[in-house]
Amino acid sequence: MDGNGRWARERWLPRAAGHRAGVAVLTPLIEAAGEAGVGALTLYAFSTENWGRPETEVDSLMALFLETAKGKVPELNERGARLRFVGRRGHLPEAVRAAVGEAEELTRNNDRLNVYIALNYGGRAELVDAARRMIEDGLTPEQVDEATFASYLYAPEVPEVDLVIRTSGELRISNFLLWQVAYAEFYVTDTLWPDFSPEEFRRAISSFAARSRRRGGV
Ligand code: IPE
Ligand code: MG
């Protein structure tokens, strides 16, 4: 969900106002995903690298997360979304961890759309965490193949990523779902995240649907 800061700067607003504007996009987008029959939608909210931002911005993002959870979780629950979080929970503030647990508990029986929030998420951290858990479980080298490795990721029930939408024109992965994007299609748009609309989401899906995926074949 990139481009909040630039969206704010264009309007001479503080960066926090850009993050707030970015939150407003979520409900229409999640609704559009449900209507389009998307099985799983992962939103990259906060990366393991985002801790390096100024403390005031990190604090405002955590506060905004709590406020958003309070307002949106009941609403998303009514819309049939099942919410889950991927990332390193241990490092998050206690109140955020509690909100994460409550959101997962409240929505656990929903099945219209799976929404994953990547929070304190890093693709490399996820791979390291998977390796650590395999070692903890005492797996032998022969037992570690691609299927086993995938089963140790944060959300092993999601088979793989089909489409990555990258806003704000950046042409990089930025440590997002490194394992899962191996054969993902990319849709890159100059649109800044607070301006990302359900219409553009549907355009991205149409673009994806028109592509031929060969996965190394012919
Ligand atoms: C949102 O956009 C990213 C987070 C929610 C941490 P940015 O804050 O990265 O916006 P830009 O890149 O400065 O425009
Ligand atoms: Mg950015």
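Rules and cut-offs
Residues numbered from 1 in each chain as written. Chains lettered and ligands numbered in written order. Predicted model: local features only at pLDDT ≥ 70, side-chain atom pairs only at ≥ 80, totals over all residues. Heavy atoms only, no water. Near = heavy atom within 4 Å. Polar contact = N/O pair within 3.5 Å; in protein donor to acceptor, adjacent residues only side chain to side chain. Areas by Shrake-Rupley, 256 points an atom, 1.4 Å probe, with all protein chains shown as cover. Helix = DSSP H or I, 4+ residues; strand = E, 2+ residues; numbered from the N terminus. Axes fitted to C-alpha atoms, helices over the stretch in contact; angles between N-to-C directions. Parallel < 35°, antiparallel > 145°, perpendicular 65-115°, else oblique. Contact = heavy atoms within 4.5 Å. Nonpolar A, V, L, I, M, F, W, Y, C, P; charged D, E, K, R; others polar. Left-handed = near helix turned anticlockwise from the far one by under 90°. Salt bridge = Lys/Arg side-chain N within 4 Å of Asp/Glu carboxyl O. Buried < 20%, exposed > 50% of the residue type's maximum accessible area, 1.4 Å probe, protein only. Pairing = 2+ DSSP bridges. Patch = residues over 30% accessible without salt bridge, like charges linked within 9 Å, V, L, I, M, F, W, Y side chains within 5 Å.

Q: Where do I start with the site of ligand 1 in this structure?
A: Contacts to ligand 1 come from Met1, Asp2, Gly3, Asn4, Gly5, Arg6, Arg15, His19, Ala45, Asn50 and Arg53. Take glycine 5: an N or O atom from its main chain is 2.9 Å from an oxygen atom of ligand 1. Here arginine 15 contributes a side-chain N or O atom positioned 2.8 Å from an oxygen atom of ligand 1. Taken by itself ligand 1 offers 390 Å² of open surface, and the protein chains cover 86% of this. If you list the elements that add at least two residues to the shell around ligand 1, you get helix 1 (4-10) and helix 2 (15-24). The greatest single-element share of the shell around ligand 1, amounting to three residues, is contributed by helix 1.

Q: What should I look at first to understand the packing of helix 4 (residues 55-78) against helix 5 (residues 94-107) in this one?
A: For any two helices packed against each other, the geometry comes down to the angle between their axes and how far apart the axes lie. It is the contact of helix 4 with helix 5, at a shortest axis distance of 10 Å, that shows an interaxial angle of 10°. Between helix 4 and helix 5, the angle is such that the two are roughly parallel. Along the contact surface, helix 4 presents Met62, Phe65, Leu66, Ala69, Val73, Pro74 and Asn77, while helix 5 presents Ala95, Val96, Ala99, Val100, Ala103, Leu106 and Thr107. A class-by-class count of the residues in the contact of helix 4 with helix 5 yields twelve nonpolar, two polar and no charged.

Q: Any chance you could explain the packing of helix 3 (residues 26-35) against helix 8 (residues 198-209) here in plain terms?
A: For the pair helix 3 and helix 8, the least separation of the axes is 9 Å and the interaxial angle reads 40°. Helix 8 is crossed by helix 3, and the crossing has right-handed handedness. In this structure, helix 3 contributes Pro28, Leu29, Ala32, Ala33 and Glu35 to the contact, and helix 8 contributes Pro198, Phe201 and Arg202. Looking at side-chain class alone, the contact of helix 3 with helix 8 contains six nonpolar, no polar and two charged residues.

Q: Looking at this model, I keep getting lost on the pattern of salt bridges. Mind explaining?
A: It is possible for side chains bearing opposite charge to pair when their charged atoms get close. What the rule picks out here adds up to 22 salt bridges. Where arginine 79 meets glutamate 75, a salt bridge forms, and the shortest distance between an N and an O atom there is 3.7 Å. Close ionic contact of arginine 172 with glutamate 170 constitutes a salt bridge, the shortest N to O distance being 3.2 Å. The buried category is assigned to glutamate 170, whose relative accessible area is 16%. When salt bridges with common partners are traced through the structure, they connect Asp2, Arg6, Arg166, Glu170 and Arg172 into a single cluster.

Q: What is the right way to look at the pairing of strand 5 (residues 185-188) in this model?
A: Regular strands place their side chains on alternate faces of the sheet. Of the two faces of strand 5, the one lined by Glu185 and Tyr187 is fully buried and the one lined by Phe186 and Val188 carries no buried residue. Across four bridges, the pairing between strand 4 (residues 163-166) and strand 5 is parallel. Across the sheet, leucine 163 pairs through a bridge with glutamate 185, a residue of strand 5.

Q: Explain the environment of arginine 79 to me, please; I cannot follow it from the model alone.
A: Note on placement: arginine 79 falls in the loop between helix 4 and strand 2 (81-86). Classification of arginine 79 by relative accessible area gives partly exposed; the value is 31%. Residues arginine 79 and alanine 131 lie 52 residues apart in sequence; the distance between their C-alpha atoms is 36 Å. Arginine 79 has contacts with Thr27, Glu31 and Arg112, leaving out every residue within four places of it along the chain. Side-chain polar atoms of arginine 79 contact the side chain of glutamate 31, separated by 2.7 Å.

Q: Would you explain a nonpolar patch on the surface in this entry?
A: A cluster of nonpolar side chains, Leu171, Ile173, Phe186 and Val188, forms an exposed patch at the surface whose accessible area comes to about 360 Å². You can see phenylalanine 186 is positioned in strand 5.

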